[in-house]
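# Results of the structural survey
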Amino acid sequence: MESLIGGKSRQIVLAAIKSLHPILLKTWPDRAAYREEAAAALTASLGTAQTNPNEASALADQVLLLTSQIRALQLRHIETAPELVKATKTLESTFAESPLRLGCLTLAADLHHSAIGYLESQEGRTAYTKLVPALDKQRVQIARRFHESEQINLDQIEAALTSAARSVLGKTDTPFHHAALAGSLVEKVRRQARLNPSETAVPADFADNSPDVRLISALEDAVRRAELNEARQRFAALNEYEKGARYEALRKVMLKQIDRIAPHAPAGFDAFCQAVESSAYPYPSPREWVRVFLKPLHTNAEQSSTFDKCRTEKSVELRYNKVLEEKGANPLMLHLARAFALAALKIAQAESIQHFIDDVDLVGEFRWPATLEDLRKRINENVGPAI
């Protein structure tokens, strides 16, 4: 593979990779068809007549892998051509040292430019309005299929939605258009899945929502798990120093956003994590794996005895302010422990009210009507025989 690009000028390598754009448009997502045409195109573009076919195929596979990663992580969320140009120029400096990676960035940008053009066209809008209601009818089956896959990733979700688009819309001369529709749906779900838990309540009458809302809600859990799986894989590749740096960066964000985060801790570990992740990694940033740090933090806050003797909200606040002034106080842990204490007080108050309602003798103490007939008699006594 290295012999194909070794010694070639930067311009030749970039042009060779860029030449794969029309091939990807017409072969997506058929890897075998792409590999065959791409290998031949790379061999011709790079001017290497006696190339090992396996090396050409390996280079084609690497280009596709890098291009797909760049598109998914850096570009797929972009919705307009001017934004795409701006983002690409910003990323060029990061990829400049490697002609191969820079070429893949250019190819990913070309692909996404094609996607934006299609989605903005009348043809694309018509296809979307046909696709979404069709997928909405299958949303339960689709969600179930995704739920059964523990190691699901975003590529698999996009591929499944691309296949579904092909079955609904039929064959096309540009199969990548189906991927453009699928990618657009994935990004809408990513945006929804990244919201703070307080912003994601589903309306009570779910059936009255649009097909978009129902489909996006059905896919939300799968997309969230896919992003977490990918984040966990990236985290596993970090060294201990990098992991420590990530924790320190996360801690700073949590301290700044603690008022938005803490109230969700008593709702459970998953809700707490979603609140943290929505603040630390807002859409469209890639989600990072930080739950390894959050688990002990959540557990210790839930088990904290700092507010055990507090019986009112006022006493909790007084205790909080006193401990916060002490040397060595951990404001993050203290804030979370306070959230658990306040939540426990609300539960206790609600139970006390319920016990009062259960115990009070409305008939004996307040002459409350015991039956419907008693109610009719009472009303007739007060306002005449209206019933």
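Refer to the preceding data block for the structure.
## A short note on the overall build of the chain
Per the secondary structure count, the chain includes 19 helices and zero strands. Residues classed as buried in the chain amount to 41% of the 387 residues present. Across the chain, every contact between residues at least 6 apart in sequence was considered, and the portion connecting residues at least 24 apart equals 72%. As displayed, the chain offers around 21300 Å² of accessible surface, 54% of which is attributable to carbon and sulfur atoms.

## With respect to helix H16 (residues 313-324)
Between its first and last C-alpha, H16 extends 16 Å over twelve residues, near the 16 Å set by a 1.5 Å rise per residue. All of the buried residues along H16 are Val-316, Tyr-320 and Val-323. Along the axis of H16, the buried positions cluster into a sector of 75°, meaning they face one direction only. Turned more than 90 degrees off the buried face of H16, the exposed positions are Lys-314, Leu-318 and Lys-322.

## Overview of the packing of aromatic side chains
Evaluated as defined, the whole model comprises three aromatic pairs. On the basis of an interplanar angle of 80° and a centroid distance of 5.9 Å, the ring pair of Phe-235 and Phe-293 is categorised as edge-to-face. Of this pair, Phe-235 sits in helix H12 (residues 211-236) while Phe-293 sits in helix H15 (residues 291-302), and the two are 58 residues apart along the sequence. Here Phe-235 and Phe-293 have matching classes, each one buried. Taken together, the ring pairs in this structure connect Phe-235, Tyr-247 and Phe-293 into an aromatic cluster. Just above the ring of Phe-269 sits the side chain of Lys-295; from NZ or CZ to the centre is 4.6 Å.

## What about the pattern of salt bridges?
All chains considered together, the criterion is met by 21 salt bridges. A salt bridge links Arg-35 to Asp-61, with the shortest nitrogen-to-oxygen separation between them at 3.0 Å. A residue pair is termed long-range when its members are at least 10 positions apart, and Arg-35 in helix H4 (residues 31-45) and Asp-61 in helix H5 (residues 53-75) qualify at 26 residues. On the accessibility criterion, Arg-35 (30% relative accessible area) is partly exposed. Linking Glu-240 and Lys-243 is a salt bridge whose minimum nitrogen-to-oxygen distance equals 3.8 Å. Highlighted residues: Glu-240 and Lys-243, both in helix H13 (residues 240-261), separated by three residues, approximately one helical turn. Classification of Lys-243 as buried rests on a relative accessible area of 18%. By sharing partners, the salt bridges in this structure join Arg-71, Arg-76, Glu-158, Glu-187, Arg-190, Arg-194, Glu-227, Asp-270, Glu-277, Arg-287 and Arg-291 into a single network.

## Here we look at unusual backbone geometry
Residue Pro-29 is reached from Trp-28 by a cis peptide bond, and omega for that bond is 0°. With respect to the secondary-structure elements, Pro-29 resides in the loop between helix H3 (21-27) and H4. With an omega of 10°, the peptide bond between Tyr-283 and Pro-284 qualifies as cis. Here Pro-284 lies in the loop between helix H14 (269-280) and H15.

## Things to note about the nonpolar core
Grouped together as the largest cluster of nonpolar side chains are 69 residues, with contacts concentrated most on Leu-20, Tyr-34, Val-63, Leu-75 and Ile-157. Considering every element that reaches this core, the biggest residue donor is helix H7 (residues 99-120), with eleven residues. Beyond its immediate stretch of four places on either side in the chain, Leu-20 contacts Tyr-34, Ala-38, Ala-41, Leu-42, Val-63 and Leu-107.

## Thoughts on the environment of Ser-198
Secondary-structure assignment places Ser-198 in the loop between helix H11 (176-193) and H12. Distance in space between the C-alpha atoms of Ser-198 and Arg-260 is 9.1 Å, their sequence separation being 62 residues.

## A closer look at the packing of helix H10 (residues 154-169) against H11
For the pair H10 and H11, interaxial distance at closest approach is 8 Å and the crossing angle is 130°. Relative to H11, H10 is oriented oblique. Crossing of H10 over H11 shows right-handed handedness. On the side of H10, the interface is formed by Leu-154, Ile-157, Glu-158, Leu-161, Thr-162, Ala-165, Arg-166 and Leu-169, while H11 contributes His-178, Ala-179, Leu-181, Ala-182, Gly-183, Leu-185, Val-186 and Arg-190.

## As for the packing of helix H6 (residues 81-95) against H7
Two elements in contact, H6 and H7, have axes whose closest approach is 10 Å; the angle formed by their N-to-C orientations is 170°. Comparing the axis directions of H6 and H7 gives the class roughly antiparallel. For the pair H6 and H7, contact is made by Ala-81, Leu-84, Thr-88, Leu-91, Glu-92 and Phe-95 and by Arg-101, Leu-102, Leu-105, Ala-109, His-112, His-113 and Ile-116, respectively. Looking at the contact of H6 with H7 residue by residue, the classes come out as eight nonpolar, three polar and two charged.

Cut-offs applied
- Residues numbered from 1 in each chain as written.
- Predicted model: local features only at pLDDT ≥ 70, side-chain atom pairs only at ≥ 80, totals over all residues.
- Heavy atoms only, no water.
- Helix = DSSP H or I, 4+ residues; strand = E, 2+ residues; numbered from the N terminus.
- Buried < 20%, exposed > 50% of the residue type's maximum accessible area, 1.4 Å probe, protein only.
- Contact = heavy atoms within 4.5 Å.
- Areas by Shrake-Rupley, 256 points an atom, 1.4 Å probe, with all protein chains shown as cover.
- Expected span 1.5 Å × (residues − 1).
- Arc of directions from axis to C-beta.
- Phe/Tyr/Trp six-rings, centres within 6.5 Å; stacked < 30°, edge-to-face > 60°.
- Lys NZ or Arg CZ within 6 Å of the ring centre and 35° of its normal.
- Salt bridge = Lys/Arg side-chain N within 4 Å of Asp/Glu carboxyl O.
- Core = buried A, V, L, I, M, F, W, Y, C linked by side-chain atoms within 4.5 Å.
- Axes fitted to C-alpha atoms, helices over the stretch in contact; angles between N-to-C directions.
- Parallel < 35°, antiparallel > 145°, perpendicular 65-115°, else oblique.
- Left-handed = near helix turned anticlockwise from the far one by under 90°.
- Nonpolar A, V, L, I, M, F, W, Y, C, P; charged D, E, K, R; others polar.

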